[in-house]
Amino acid sequence: MPGSCVSRVSLVAACCALLLALLPWLADAFGDPYLVTLFSRILIYALAAVSLDLIIGYGGMVSLGHAAFVGSGAYVVAILAFHLQEGAPLFGGFLDIQANDQALLVWPLAVVISALLAALIGAISLRTRGMQFIMITLAFAQMLYYLFVSLEGYGGDDGISLWSRSRLPGLDLADNVNFYYVCLASLLLFLWLMRRLVYSRFGRVVRGTRENQPRMESLGFPVYRYQLAAFTIAGAGAGLAGVLLANQNEFVSPGLLHWTHSGELIVMVLLGGMGTLLGPVFGAAALLLMEELLSAYTEHWMFFLGPFLILVVLFAKRGIYGWICGGGDGHG
Amino acid sequence: MRISLLVSALAALCLGGGAMAAAPVKIGMVTTLSTKAGYLGEDIRDGFKLAMDMEKGKLGGVPVDLIVDDDGRKPGKGKQIADRLMQREGVKIMTGIVFSNVAMAVVPKVVREEVIYISPNAGPSQLAGKGCHENYFNVAWQNDNLHEAVGQYATDAGFKNVYMLAPNYPAGKDALAGFKRFYKGGVAGEVYTKLGQSDYAAELAALRAAGPDGVFFFLPGGMGINFIKQYAQAGLNRQIPLMGPAFSFDERLLKAVGDAAVGVVNGSQWSQDLDNEANRTFVAAFREAYGRTPTLYASQGYDAARLIGSALQAVGGDLSDLGAFREALKRADFVSVRGPFRFGSNQHPIQDIYVREVVKLEAGGTTNETRKKVFSEHRDAYAAECAM
Amino acid sequence: MLLFFEQLLNGLQLGVMLFLMSAGLTLVFGIMRVINLAHGSLYMVGAYLAATVSLHSGSFLLGLLAALLASALVGLLMELMVLRRLYQRDHLDQVLATFGLILFFNEGVRMIWGRQPLFMDVPQWLSGTVELIPGAPYPSYRLAIILVGVLVALFLYLLFNHTRLGMRIRAGASNREMIAALGINIKLLNTLVFALGALLAGLAGAMAGPILAVESGMGESILILTFVVIVIGGVGSIRGALVAALLVGTVETLGGYLLPLLLRLFLPLASADGAGASLASMSVYILMAAVLVWRPRGLFPAHD
């Protein structure tokens, strides 16, 4: 029954939210500060997965190039910080952009650049659908990957090491707990935005297109524009995740854009339950925690993770979200 | 000092440590065990463990606890593991990283957190030069060293027109730069291939057309296997001598290329046939324990452990004064399996480097035989840029 | 100019390998509508079995036979145990499950055979070179690969155009419902097609063994190129797979050779080589994107 599903999920989500809010205290109490670092990472990946779910789950557009936008967001932060460290002018001083590590300036810029990139790639890719769409998004992501590999000035395949995290007035991001709350706030903000979006007229059109594109077209909706807008918003979300990831690791490398990284994001969405708001959050947490725990017990952890994923597909429709719902086909 | 001793003693009691024996010193090992390159990390780990097993779980008489985790060759994962080791386990000594890009993500951060990092393999130039740090020690080599040795060998052997090949990534560029630093002859061609490329037919055709008198290549891991096999299949191994750093000719890779590698000259700071007491002991013990001949990676892991052991012994297992431990490390007061070894001002090795040749064994299979010493007490090219 | 022809030959040989991989995968997708990421694992199984058996028996042909049998068998098991349950499911479920299979196989191979790559050599009777083009000796083994590819293409042509089974498979590829309505045992047909695809992947793996490093994860290196071929050729079309495989093989091979030469006309030597190498890495993806922009369904789309 959808009713019980919604209430169950709300209950679980409320518990999780409470736990997440209190996590730094809990970590302190257990004497394990690493939990804060680990969960910052989970929150960041959750953000990337939620943004991917907008196009995969709600829009039915399976992109295997989402990591490209995570990577581009991260690289904007890293490149601006790199020039600040080295004292070299950007673009040889041709453009009047200052090297910078001010979060209020750099972060929105990174998000906007990721969104623009997504708009560009989406505009071309959306001419195709199905498997062709999967592969063309992969193609663009791989082109960007090789582009960053070839940028020797920015470390090529070795990547760029940041000297410190971005600066935010009034809040010291070098402190792991502060940074954790920034990640949490970013995720909640994006979730709230997604919720508004999905239930708006825009969201209904995008979801309707997933179910039946010809019908939406015959109803007179400019389907292509709606899909492109969704793709762009997802790119912006991924860009924000990239910004946070660059700050968390204080390091970026082309590996962030590689197709295997895009694949990991898809696995998170599917594992958690696609087409739901909270599913990808559960999925990101489950995958990262499982990696963490399994790899502590056996170095052959992939041997166990693989079959587990197969079992999830075979026996738990809609992933973890569906499992919480008790197997019902609940749309969140 | 006294208080901290008291505290640690209390802590040991609380944790059920029983008698007054100090808790084992934790050593964190971030290394690559999965992916195609997994055997590199496996050998570093096994070499390190061998040194511990030979002392029955101790290094330098101090009980140690080795925590190993797999970075999957991903810089982000490596950073995450390093965070866990520092924040959860309170590790003060780290080692294990195989690849330079993982090292660049992890090392600059951990050394700033007052953790000692001892590199058993990667030696990127940034960390040897401008980015050197008092808490960073490299017990293997600076990345360029083995290529430099092959360059010197090519000059000595009178090569006039060498064709060079490396993947299109920083370590590849460094490899060719290192080779050219000591190679004085002409260049028949300088080619950068795709990272992870498997088929070299196109490059081999162009190489043959260029007509060089020697070929220098740096293609680590599977790329090297592919290249050597295909080089031999094209019949080139009978016409143009091949040379490269030891990375494509370690004892485990040789098994995968078979006779195709016979006659190839390669540069290394270590070889299983180096004639010294420590090496004989190490090679025999490694074969006994793991049933295979150690690679240079295993020798580096073993040396890393022995170096840590020497310093732990000097400070009696007490890491509360990191400065004293650091000083003890700097003295490098251990017998390396590669013979004479000491640290330069940037805490990178000053060591001899040899060229070896791949030869057929009577019992089947192939191995490396040391041919000659190319460099004595060689130091890296970046030490001058280091402010220490 | 000689060099150019030699490079074309190299491109042809890579194209043949890609064709062996993509023929099976495109059929599986065309008929069962299943995206099977684990196709590369079958390739790996083929290579490992061929390497092991030929090392112990000393016979390349025995190794090849073992590889074909093993990959077909593994393919059968894969179909019966996992994929059969996924035909009616969303593509993404298939992606997740077959991704799980990849992890399982890669780690399993590492556990059984260890982490270091295996050794496999060219059989003695194919180890020489042939001077097809005067002055440019070409490895006979690579010529043998090209020959095998031509034979397989011929076999598939005869199978699909001149046998009843082949017609049914083709009918299944273009219209699922019709073939079920004709009362043909579609389950059996699916299993057969899957085993055929697995067999071809195993053949590709075994043939690649003597040239490439036989190592865990080798399947994924070729998997992406295989998907590129399928999408360029048009999903479900064998003819498309053949054309696209040769196209991709040629672009991949010639790109690395021609692009730096081309850029040297405009740029200084060092930066031309660097930029050329980067562009060459991207060339296949640029080709795919261009084809899809021009023809969103690929060159020879099999379905309406």
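Residues numbered from 1 in each chain as written. Chains lettered and ligands numbered in written order. Predicted model: local features only at pLDDT ≥ 70, side-chain atom pairs only at ≥ 80, totals over all residues.

### Structural notes on the overall build of chain B
- Assigned secondary structure in chain B consists of 13 helices and 14 strands.
- Here the C-alpha radius of gyration of chain B, 21 Å, is about what a compact globule of 388 residues would show, namely 21 Å.
- Viewed in the frame of its principal axes, chain B has a C-alpha envelope of about 75 × 45 × 35 Å.
- Relative to its 388 residues, chain B shows a buried fraction of 62%. (Helix = DSSP H or I, 4+ residues; strand = E, 2+ residues; numbered from the N terminus. Rg over C-alpha atoms; globule rule 2.2 N^0.38 Å. Buried ≥ 20, exposed ≤ 12 C-beta atoms within 10 Å, placed from the backbone.)

### Things to note about the overall build of chain A
- Within chain A, the regular secondary structure consists of 13 helices and 2 strands.
- A compact globule built from 332 residues should have a C-alpha radius of gyration of about 20 Å, and chain A, at 20 Å, falls within 12% of that.
- Taken along the three principal axes of its C-alpha coordinates, chain A extends 60 × 55 × 40 Å.
- Among the 332 residues that make up chain A, the fraction classed as buried is 57%.
- Once local pairs closer than 6 in sequence are excluded, the contacts in chain A between residues at least 24 apart make up 78%. (Contact = placed C-beta atoms within 7 Å.)

### A look at the nonpolar core
- Among the nonpolar cores identified, the biggest contains 359 residues, and A46(A), A78(A), V248(C) and M288(C) are the most heavily contacted of them.
- With 17 residues, the single largest contributor to this core is helix 2 (residues 34–58) of chain A.
- Each of domain 1 (2–141 + 274–343) and domain 2 (145–268 + 352–385) of chain B contributes no fewer than three residues to this core. (Core = buried A, V, L, I, M, F, W, Y, C linked by C-beta atoms within 7 Å. Domains from an automatic or database assignment.)

### Side note on unusual backbone geometry
All names here are of chain B.
- One non-glycine residue, T35, adopts positive backbone phi at about 65 degrees.
- Of note, T35 is situated in the loop between strand 1 (25–31) and helix 2 (38–54).
- Residues other than glycine seldom take positive phi values, yet A332 does so here, at roughly 45 degrees.
- Within the secondary structure layout, A332 lies in the loop between helix 13 (322–330) and strand 12 (341–343).

### Observations regarding the pairing of strand 5 (residues 116–119) of chain B
All names here are of chain B.
- Across the two faces of strand 5 the burial is the same, with I116 and I118 and Y117 and S119 all buried.
- Where strand 4 (residues 93–95) and strand 5 come together, 3 bridges link them in parallel fashion. Paired with M94 across the strands is Y117, a residue of strand 5.
- As a crossover connection, the stretch from strand 4 through helix 4 (residues 100–112) into strand 5 is right-handed.
- Examined bridge by bridge, strand 5 and strand 6 (residues 136–138) share 3 bridges and lie parallel to one another. Among the inter-strand pairings, I118 is bridged to a residue of strand 6, identified as F137. (Pairing = 2+ DSSP bridges. Right-handed = clockwise from strand over helix to strand, strands pointing away.)

### A look at the sheet that holds strand 4 of chain B
All names here are of chain B.
- In spatial order, the strands read 2-3-1-4-5-6; together these 6 strands make up an open sheet with mixed pairing. The sheet is open, and its two edges are formed by strand 2 (58–59) and strand 6, each paired on a single side.
- Two elements, strand 1 and strand 4, share 3 bridges in a ladder whose sense is parallel. Bridging across to strand 4, M29 finds its partner in T95.

### Observations concerning the environment of G96(B)
Residues and elements named next belong to chain B.
- By the element assignment, G96 lies in the loop between strand 4 and helix 4.
- Sequence spacing of G96 and T295 is 199 residues, and the spatial spacing of their C-alpha atoms is 15 Å.
- Not counting the four nearest positions on each side in its chain, G96 is found in contact with M29, V30, T31, I44 and P120.

### A closer look at the interface of chain C and chain A
- Listed per partner, the contact involves 35 residues of chain C and 30 residues of chain A.
- Every element with two or more residues in the side of chain C that touches chain A is listed here: helix 4 (91–113), helix 9 (218–233) and helix 11 (269–294) of chain C.
- Top contributing element to the side of chain C that touches chain A by residue count: helix 4 of chain C, with 14 residues.
- Of the residues contributing to the side of chain C that touches chain A, the split by class is 24 nonpolar, 7 polar and 4 charged. (Nonpolar A, V, L, I, M, F, W, Y, C, P; charged D, E, K, R; others polar.)

### What to know about the pairing of strand 2 (residues 136–139) of chain C
Residue and element names in this part refer to chain C.
- For strand 1 (residues 129–133) and strand 2, the ladder comprises 3 bridges, and the chain directions are antiparallel. Of the residues in strand 2, the one forming a bridge with T129 is P139.
- Connecting strand 1 to the antiparallel partner strand 2 that follows it, the hairpin turn spans 2 residues, and G135 within it adopts a positive phi of roughly 85 degrees.

### Quick look at the interface of chain B and chain C
- Between chain B and chain C, the residue contacts involve 32 residues of the former and 35 residues of the latter.
- Looking at the side of chain B that touches chain C, the elements with two or more residues in it are helix 2, strand 8 (186–193), helix 8 (201–210), helix 9 (222–233) and helix 10 (251–257) of chain B.
- By residue class, the composition of the side of chain B that touches chain C is 11 nonpolar, 12 polar and 9 charged.

### What to know about the packing of helix 3 (residues 60–81) of chain C against helix 8 (residues 186–208) of chain C
Residues and elements named next belong to chain C.
- Two elements in contact, helix 3 and helix 8, have axes whose closest approach is 7 Å; the angle formed by their N-to-C orientations is 140 degrees. One finds that helix 3 runs oblique with respect to helix 8. Between helix 3 and helix 8 the crossing geometry is right-handed. For the pair helix 3 and helix 8, the contacting residues are G63, L64, A67, L68, A70, S71, A72, V74, G75, L76 and E79 in the first and T191, F194, A195, G197, A198, L199, A201, G202, L203, G205 and A206 in the second.
- The class makeup of the residues in the contact of helix 3 with helix 8 is 14 nonpolar, 7 polar and 1 charged. (Axes fitted to C-alpha atoms, helices over the stretch in contact; angles between N-to-C directions. Parallel < 35°, antiparallel > 145°, perpendicular 65-115°, else oblique. Left-handed = near helix turned anticlockwise from the far one by under 90°.)

### Re the environment of L23(A)
Residue and element names in this part refer to chain A.
- The residue L23 is located in helix 1 (residues 2–30) in this model.
- C-alpha of L23 to C-alpha of R165: the two residues are 142 residues apart in sequence and 22 Å apart in space.
- For L23, the contacting residues outside a window of four places in its chain are L35, V36 and F39.

### Observations concerning helix 3 (residues 75–87) of chain B
- If you check helix 3 of chain B, its first and last C-alpha atoms are 18 Å apart, about what 13 residues at 1.5 Å a residue would give, namely 18 Å.
- For helix 3 of chain B, the tally of buried residues reaches 12 of 13 residues, placing the bulk of the element in the interior. (Expected span 1.5 Å × (residues − 1).)

### Looking at the packing of helix 6 (residues 176–198) of chain A against helix 9 (residues 223–249) of chain A
Residues and elements named next belong to chain A.
- Closest axis-to-axis distance for the helix 6/helix 9 pair is 11 Å, and the angle between their directions is 175 degrees. The pairing of helix 6 with helix 9 is recorded here as roughly antiparallel in orientation. Listed contacts from helix 9 to F179, C183, S186 and F190 of helix 6 are G237, L240, L244, N247 and Q248.
- Here the residues of the contact of helix 6 with helix 9 sort into 5 nonpolar, 4 polar and no charged.

### Regarding the domain arrangement of chain B
Residue and element names in this part refer to chain B.
- One can read the domain layout of chain B as domain 1 (2–141 + 274–343) and domain 2 (145–268 + 352–385).
- For domain 1 versus domain 2, the distance between C-alpha centres works out to 30 Å.
- Counting from both sides, the interface comprises 17 residues of domain 1 and, opposite them, 17 residues of domain 2.
- Secondary-structure elements contributing two or more residues to the side of domain 1 that touches domain 2 are helix 5 (125–128) and helix 12 (296–315).
- Tallied by class, residues from the side of domain 1 that touches domain 2 come to 9 nonpolar, 6 polar and 2 charged.

### A short note on the confidence of the model for chain A
- Confidence in the prediction of chain A, expressed as mean pLDDT, is 89, and 94% of residues score 70 or more.
- In this model, residues 328–332 of chain A is a region of pLDDT below 50 whose contacts with residues beyond four sequence positions or in other chains number 15 contacts. (pLDDT = per-residue confidence, 0-100.)

### Topic: helix 12 of chain B
All names here are of chain B.
- Spanning 20 residues, helix 12 covers 29 Å between terminal C-alpha atoms, matching the ideal 28 Å at 1.5 Å per step.
- Counting buried residues along helix 12, 17 of its 20 residues qualify, which places the element largely inside the surrounding structure.
- One or two steps after helix 12, the chain reaches G316, where phi turns positive at roughly 65 degrees.

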